[in-house]
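Commentary on secondary and tertiary structure
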Amino acid sequence: MTHEFALRVGPVPLRIFSDWAGPIADLRRLYADYPAPDDGIATLTARIGAAWPWRRWLRPAVSIGGDFTIPDALPLPLSQGLLAAEMAMNLQVAMGWRTHMLLHASAVERDGRVLLMVGASGSGKSTLAALLGEGDWRLLGDEFALLDVENGNILPFPRLISLKNEAIDVLRARACPSRFGPRIPGTPKGDICHMRPRADAIARMNAGGAPALLLFPAYGSDNGLRAVPPSEAFFRLTESSTNYVALGEPGFTALSQLVRALPAVAVGYQSGEQAIDMVEALWAENSGRAAR
Amino acid sequence: MNAMRHLVAALRTPQSIATLNGDQWSALVSVARGEMLLATLAHRLAGGQGGGALPPSIAALFAAECAHADQMQRHALWEVEMAHRALSPIGVPVILLKGSGYAARNLSAAAGRHIGDLDILVPRARMADVEAALLSAGWDWVKNDPYDQAYYRQWMHELPPLIHGARDRMIDVHHNILPLTARHHIDAGALIERAQPVADGVMTLDPIDRLIHCAVHMLADGDLAGGVRNLWDFHCLSGDAAAFDGAWQAQLLLRAEDFGVAAAVSRALRLSAALYGDGAPLRLTDRLFIRRLLARDAMGRPSCPVTQAVFYIRSHLLRMPPILLVRHLWRKWRMARTKP
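All of the points below concern the structure found in this document. (Residues numbered from 1 in each chain as written. Chains lettered and ligands numbered in written order. Predicted model: local features only at pLDDT ≥ 70, side-chain atom pairs only at ≥ 80, totals over all residues. Heavy atoms only, no water.)

**What to know about a nonpolar patch on the surface**
On the surface, a nonpolar cluster with roughly 400 Å² of combined accessible area is contributed by W52, W54 and L58 of chain A. Turning to its location among the elements, W52 of chain A is positioned in the loop between β3 (44–50) and β4 (61–66). (Patch = residues over 30% accessible without salt bridge, like charges linked within 9 Å, V, L, I, M, F, W, Y side chains within 5 Å. Areas by Shrake-Rupley, 256 points an atom, 1.4 Å probe, with all protein chains shown as cover. Salt bridge = Lys/Arg side-chain N within 4 Å of Asp/Glu carboxyl O. Helix = DSSP H or I, 4+ residues; strand = E, 2+ residues; numbered from the N terminus.)

Here it is in structure tokens:
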């Protein structure tokens, strides 16, 4: 018996198959308000299945795959099934989505203008986006931002927000309990908890915006603020993109235009409150400046 | 009809997609991606008769896949130029095999075709010079293990794979199109003799030999993984050969006799007619090959494990005599165990 769920996140129509009912039930609950794929067509397929047939029942081991797989990736225990499902879906998007340039970035929007945050795992970009998305910003996504190379706009990809460790309780104090998945302890990144974005993020998942400010947050750094030149921003963005090379010249042109027009700042911060104050100050100072 | 049948039907008759529902489209995309035929399908459906009637999400997917395939071919042809620059000082022309050869000639098989490594053919007598020239031009070994190196040099029809340090692209340098240990032995000199120039210092096999190589690569060497794609190549190459010479089929069979690979080539003709052409009377074994070719389910997963295993074992037996094979596998198993 294989269990299936299909949905659309922003422009991306996905389906996922699972050997177990549990992870699909979690997905159905957490993605309850998301639309089904247009015309019922999913162009990316994710799968989570038993690494070996008997591992479906005996010490279940969840391997992550789909149209694209990572060779030699270690399977997860079934208690982390929801995480495995999310990882499998992210993998398909990262490897298979070629309609837009994929930036490994979080993004929020206000007044039709977009704040992009790029950083490695642990930089706090996901937590910051989640916090801003509970305030007077609209969350576009905590993991991928989609750059439309035709017009330079950022499109939303508001999947479940993946909260880690201390960030879980910070957000639990601010949002309705029904929006949270199970707390998953013992992952390679510590505790993980998935959170459904606020209703406005889901309702407006088709509407993007023009980028107005690019931040490179670094949690725990006391370097303060540093203006990032377009050349450095360009290279950091190419590094954060999974399909920059595949897009060829149109990708190069779009990214060059983006970094020329966009103010970029590296932000070292010690706490969420401090980061939000810095973001608001930088936004007030810079967001009017970006010439489109 | 299952998803693989839909894929084959869509390639053969683009109009066949008109009746697909949402689930069937999702499955078609997934199996096409699994067989590395998604951009080929995109070209076939968006480029010609099927265009206009596509659902919006499929039209967007196909546009992106076509653009990506174009980009991949640009990369592949740049690698051809790099190999040419490395080998022209030693006077060895680059004879392109498979994908990059089709792209260099802009053959119908190239439309949307995935191209990974650069495969070239050079005279066996010049292998040492070619190796030295590539190593000094920035390529390096992928496998540095002495046993792997010896395995390729003693038994295979190619150098151990080389990868370019800066561009991260692989090149496979062949001196033949079948392993030295394989059941059939092909006179590579005869292939090289008939190779045709396509640009300065760059050549491809002649149209008939392209078909020979495609059939042999698919049916006398591997385990038929990706066989639906290889068979599509064969079908397209047949069309090109037919446009070039009305008597292509007779010529192909004669040439196949000369090389001792008539069985593989006539099977390729039957399978290609059965899946992509007007049909052909099939033998019982052909049906087993078709079962292997179409072994993928609606979720995009490889299916029919027993059939797959049979063809996997067959591929090894074709490549090496059993005693040699057992020695090789024993050796590889021990190497895998002792690795940290």
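After that view, the rundown keeps rolling.
**Observations regarding the packing of helix α7 (residues 146–155) of chain B against helix α15 (residues 322–338) of chain B**
All names here are of chain B. One way to put it is that α7 packs onto α15 with a least axis distance of 12 Å and a crossing angle of 160°. With respect to each other, α7 and α15 are oriented roughly antiparallel. As α7 packs across α15, the resulting crossing turns out to be left-handed. For the pair α7 and α15, the contacting residues are Y147, D148, Y151 and W155 in the first and L324, R327, H328, R331, K332 and M335 in the second. The residue inventory of the contact of α7 with α15, partitioned by class, reads five nonpolar, one polar and four charged. (Axes fitted to C-alpha atoms, helices over the stretch in contact; angles between N-to-C directions. Parallel < 35°, antiparallel > 145°, perpendicular 65-115°, else oblique. Left-handed = near helix turned anticlockwise from the far one by under 90°. Contact = heavy atoms within 4.5 Å. Nonpolar A, V, L, I, M, F, W, Y, C, P; charged D, E, K, R; others polar.)

**Notes on the sheet that holds strand β12 (residues 161–164) of chain A**
The strands making up a sheet associate through hydrogen bonds between their backbones, and the pairing can be parallel or antiparallel. Residue and element names in this part refer to chain A. With antiparallel pairing, the three strands of this open sheet are ordered in space as β12-β14-β13. Looking at which strands have only one partner, the edges of the open sheet turn out to be β12 and β13 (184–187). Mean inter-strand twist for the sheet, computed between neighbouring axes without regard to direction, equals 35°. Contacts from helix α2 (residues 81–96) reach β13 and β14 (190–195) within the one sheet, and its direction differs from that of β14 by about 70°. (Pairing = 2+ DSSP bridges.)

**Some details on the pairing of strand β7 (residues 105–110) of chain A**
Residues and elements named next belong to chain A. Of all six residues in β7, six are buried, a share of seventy percent or more. With burial as the criterion, each face of β7 is covered, one bearing A105, A107 and E109 and the other bearing S106, V108 and R110. Pairing analysis gives six bridges linking β7 to strand β8 (residues 113–118), with the strands arranged antiparallel. Across the sheet, residue V108 finds its bridge partner in β8, namely L115. Where β7 folds back onto β8 in an antiparallel hairpin, the turn is made up of two residues, including D111, whose phi is positive at roughly 55°. Alignment of β7 against strand β9 (residues 138–141), held across three bridges, turns out to be antiparallel. (Buried < 20%, exposed > 50% of the residue type's maximum accessible area, 1.4 Å probe, protein only.)

**So, the environment of R124 of chain B**
Mapped onto the secondary structure, R124 of chain B falls in the loop between β2 (118–121) and α6 (127–136). In this view, R124 of chain B contacts R153, H175 and L180 of chain B; residues no more than four positions away in its chain are not counted.

**So, the interface of chain A and chain B**
Taken together, the contact pairs 21 residues of chain A with 23 residues of chain B. Summed over both partners, the interface of chain A with chain B comes to about 1,700 Å²; 53% of that surface belongs to carbon and sulfur atoms. Counting across the interface, chain A meets chain B through two salt bridges. Of the charged contacts, one joins E65 of chain B and R98 of chain A as a salt bridge, the two residues approaching to 3.1 Å between their closest N and O atoms. Counting the contacts that link chain A with chain B gives eight residue pairs in polar contact (both at pLDDT 80 or more). Those elements giving two or more residues to the side of chain A that touches chain B turn out to be β2 (12–18), β3 and α7 (244–247) of chain A. The dominant element in the side of chain A that touches chain B, judged by the number of residues it contributes, is β3 of chain A, at three residues. Looking at the side of chain A that touches chain B residue by residue, the class counts come to seven nonpolar, seven polar and seven charged. (Buried area = accessible area lost by both parts, 1.4 Å probe. Polar contact = N/O pair within 3.5 Å; in protein donor to acceptor, adjacent residues only side chain to side chain.)

**A few points about the pattern of salt bridges**
Considering all chains together, one arrives at 27 salt bridges over all chains under this definition. The salt bridge involving E109 of chain A is made with R138 of chain A; its shortest N-O contact spans 3.1 Å. Of this pair, E109 of chain A sits in strand β7 while R138 of chain A sits in strand β9, placing them 29 residues apart in sequence. Take E109 of chain A and R138 of chain A: they sit in the same class, and that class is buried. Ionic pairing is found between R85 of chain B and E81 of chain B, a salt bridge with its closest N-O pair at 2.8 Å. In this pair, R85 of chain B and E81 of chain B are both assigned in helix α4 (residues 56–87), four residues apart and thus about one turn of the helix distant. A relative accessible area of 48% means that R85 of chain B is categorised as partly exposed. What you see here is one network of salt bridges that share partners, running through E86, D142, E143 and R159 of chain A.

**Some points on the nonpolar core**
Formed by 76 residues in total, the largest nonpolar core has its most connected members in L7, W25, L41, F62, I212, F234 and L252 of chain B. What F62 of chain B contacts, discounting residues up to four positions off in sequence, is W25, L38, L41, A42, L45, A46 and L54 of chain B. Counting 39 residues, the second-largest nonpolar core is a separate cluster that includes L30, A84, V93 and W97 of chain A. (Core = buried A, V, L, I, M, F, W, Y, C linked by side-chain atoms within 4.5 Å.)

**Focus: the sheet that holds strand β3 (residues 139–141) of chain B**
Residues and elements named next belong to chain B. A sheet is described by the order of its strands in space; here seven strands give the open sequence β3-β4-β5-β2-β1-β7-β6, paired in mixed fashion. For this open sheet the edge positions go to β3 and β6 (196–199), each flanked by a neighbour on one side alone. Taken pair by pair, the neighbouring strands of this sheet meet at an average axis angle of 40°, ignoring direction.

**Comments concerning the environment of R113 of chain B**
Residue and element names in this part refer to chain B. As for its position among the elements, R113 is in the loop between α5 (98–104) and β2. Relative accessible area serves as the criterion here: at 6%, R113 is assigned to the buried category. A sequence separation of 76 residues divides R113 from L37, and the C-alpha atoms of the two residues are 7.1 Å apart. Excluding its chain neighbours within four sequence positions, the residues that come into contact with R113 are T40, M72, Q73, G99, Y102, R229 and D233. Within polar-contact distance, the side chain of R113 engages the side chain of D233 at 2.9 Å.

**Focus: the side chain of T43 of chain A**
Structurally, T43 of chain A is set in the loop between α1 (21–30) and β3. What T43 of chain A contacts, discounting residues up to four positions off in sequence, is P13, D67 and W97 of chain A together with V29, R33, S57, I58 and L61 of chain B.

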